[in-house]
Amino acid sequence: MRPSPGDLLAIGGRASVQFAGDRALTFRVVSVPDLPTYHGWIWLTGYVLDHRGLATAKREIYVQLAGLRPALPPAPQFRRTARRAVRAG
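Before going into details, it helps to say that this report is about the structure given with it. Not measured: the values here are computed from a predicted model.

Criteria and thresholds
- Residues take numbers from 1 onward in each chain, read along the sequence in its written order.
- Since the coordinates come from a predicted model, pLDDT governs what is reported: local features require at least 70, and pairs of side-chain atoms require 80 or more to be given and counted, while whole-chain, interface and lining totals use all residues.
- Computation of side-chain values: all heavy atoms of the structure, hydrogens and water removed.
- Helix and strand definitions follow DSSP, with helices as H or I runs of at least four residues and strands as E runs of at least two, each counted in order from the N terminus.
- Type-normalised accessible area, obtained with a 1.4 Å probe on protein chains alone, sets the label of each residue: buried when under 20%, exposed when over 50%, and partly exposed for intermediate values.
- By definition, residues are in contact when any of their heavy atoms lie within 4.5 Å.
- Paired strands are those between which DSSP finds at least two bridges.

So, the environment of L49
At step 1: Locating L49 in the fold gives a position in strand β3 (residues 41–49).
At step 2: L49 sits in the buried class, given a relative accessible area of 14%.
At step 3: A C-alpha to C-alpha distance of 7.4 Å links L49 and L25, two positions 24 residues apart in sequence.
At step 4: In contact with L49, other than residues within four places in its own chain, are L8, T26, R28, L54 and A55.

Spelled out as structure tokens, the structure:
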């Protein structure tokens, strides 16, 4: 599977040892540069997302195609608002 701009990926140790364990990240692909690589590897440009789905950093990463996994979109965050009693009249 070759990623496309807009794809949301879970990047972990299968993609590259540099992303193993607690260094794993969720990545939104912006572009797939056509740069020379070793067979089965690819360069990706995109944004690292936090647990709320907000971009925290733009990065270029070098990963194995076979190790890329689709990521689940972040759960929607709801704001709690205070309710006030309203008196009539």
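Structure shown, so let's carry the discussion forward.
Quick notes on the pairing of β3
At step 1: Both strand β2 (residues 25–31) and β3 contribute to a ladder of 5 bridges, which runs antiparallel. Across the sheet, the residue bridging to R28 is Y47, located in β3.
At step 2: Linking β3 back to strand β4 (residues 55–64) in an antiparallel pair, the connection comprises 5 residues, with G53 at a positive phi of about 90°.

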